[in-house]
Amino acid sequence: MSAVIVTGAAGGIGRVFSLALADAGHSVVAADIAPTNAVVEEIEARGGSALGLRVDVCDRASTLAMAQATLERFGSIDGLVNNAAYYTAIVKSDFDQIDVEEWDRCFAVNVRGQWLCAAAVAPAMREQRRGKIVNVSSMTVPTAPPGFAHYVASKAAVVGLSRALARELGEHGVCVNTLTPDYIAFDREYDNRQPEMAPMLTAQRCIRREAQSEDLVGTLLHLLGPGSDFVTGQSFWVNGGRAFS
Ligand SMILES: NC(=O)c1ccc[n+]([C@@H]2O[C@H](COP(=O)([O-])OP(=O)(O)OC[C@H]3O[C@@H](n4cnc5c(N)ncnc54)[C@H](O)[C@@H]3O)[C@@H](O)[C@H]2O)c1
């Protein structure tokens, strides 16, 4: 059985990823700055194996403790899903009006966080000579909707980070790829602030419906599983054909 860390697992897409990974037979480390008791209980109720950890991905010591706790509980770190983000809480404004603190917070979570988590698991993956890292980006990178330049820039940095890590970790048998969701309107409070968004995007897709978190699961399982050992440094867009990579 393989052990996969999912950051940002307390809710949203991270919760769905955690449940799907557990259903597929992986042991899941549900890591989040928010409490993860609920998702751990859900996994255990379905017969899966999970460890919940309170982790701040921006903090090196916290990410190192996450890797250590995973090794102590499961004996290996086979996958990392860098999903945690400063996203639904983001303050939207014109690019020249974004507060410096807001900009830095976005990059701290979305970019430094993914880098620190990868750095924390890399020693174990190198030693094992295998591992899969999936960094979550966003369709805002190719489409760049106005109003949150800091988020778009941070998610573009994720693509570069994946490629740099793929280059450095490839010789150790570790694959690093980017998974790019489209807008998923499961957060109704967030969605209600921009009700035009979901129908507008649906109209642009080859497959004319709203995106669901579950639509990402097949690609995620492939990137974490044994059939993708020659796939690294790539970006996977799961968007119903709204734009072509
Ligand atoms: N929902 C969408 O439409 C959408 C679209 C494209 C990309 N994404 C990306 O998918 C991922 C999940 O999105 P979501 O909609 O579930 O986001 P969300 O904002 O609902 O959840 C993010 C999670 O990250 C956690 N988190 C925030 N800061 C943290 C920190 N410092 N340390 C640890 N955990 C922290 C939060 O507690 C939360 O559980 C994110 O990377 C997001 O950028 C989402």
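Right above here is the structure, for reference.
My aim in this report is to walk through the structure given alongside it, one point at a time. Worth saying up front: this structure is predicted, and the values here are computed from it rather than measured. (Residues numbered from 1 in each chain as written. Predicted model: local features only at pLDDT ≥ 70, side-chain atom pairs only at ≥ 80, totals over all residues.)

## Focus: the packing of helix α3 (residues 60-74) against helix α4 (residues 100-128)
And step 1. Contact geometry for α3 and α4: axes closest at 8 Å, N-to-C directions at 35 degrees. In the crossing of α3 with α4, the sense of the turn from one axis to the other is right-handed. In this structure, α3 uses R60, T63, L64, M66, A67 and L71 to contact α4, whose residues at the interface are L116, C117, A120, V121 and A124.
And step 2. Classifying every residue of the contact of α3 with α4 gives nine nonpolar, one polar and one charged. (Axes fitted to C-alpha atoms, helices over the stretch in contact; angles between N-to-C directions. Helix = DSSP H or I, 4+ residues; strand = E, 2+ residues; numbered from the N terminus. Left-handed = near helix turned anticlockwise from the far one by under 90°. Contact = placed C-beta atoms within 7 Å. Nonpolar A, V, L, I, M, F, W, Y, C, P; charged D, E, K, R; others polar.)

## Re α3
And step 1. In a regular helix each residue adds 1.5 Å, so 15 residues correspond to 21 Å; α3 covers 21 Å between its end C-alpha atoms and thus fits that length.
And step 2. Turning to α3, its buried residues are T63, M66, A67, T70 and F74. End-on, the buried residues of α3 take up no more than an arc of 90 degrees, which puts them together on one face. Along α3, the residues that are exposed and aim more than 90 degrees away from the buried face are A61 and E72.
And step 3. Considering only its buried residues, α3 is in contact with β1 (3-7), β2 (27-32), β3 (50-54) and α4.
And step 4. With its phi angle positive at about 85 degrees, G75 sits one or two positions after the end of α3. (Expected span 1.5 Å × (residues − 1). Buried ≥ 20, exposed ≤ 12 C-beta atoms within 10 Å, placed from the backbone. Arc of directions from axis to C-beta.)

## Here we look at the site of the ligand
And step 1. The full set close to the ligand counts 29 residues, and G8, G12, A84, A85 and T88 are the nearest of them.
And step 2. Listing elements by their share of the shell around the ligand, those giving two or more residues are α1 (12-23) and α4.
And step 3. The greatest single-element share of the shell around the ligand, amounting to three residues, is contributed by α1.
And step 4. In terms of residue class, the shell around the ligand is made up of 17 nonpolar, nine polar and three charged. (Near = placed C-beta within 6 Å.)

## Quick word on the sheet that holds strand β7 (residues 235-238)
And step 1. Ordered by their spatial adjacency, seven strands build an open sheet running β3-β2-β1-β4-β5-β6-β7, and the pairing between neighbours is parallel. What marks the edges here is a single partner per strand, and that holds for β3 and β7. Averaged over all adjacent pairs, the angle separating strand axes in this sheet is 20 degrees, with direction ignored.
And step 2. With five bridges joining them, β2 and β3 adopt parallel strand pairing. If you follow V29 over to β3, its bridge partner there is L51.
And step 3. Seen against the sheet, α4 touches β1, β4 (79-82), β5 (131-136) and β6 (174-181) and runs at an angle of roughly 170 degrees to β4. (Pairing = 2+ DSSP bridges.)

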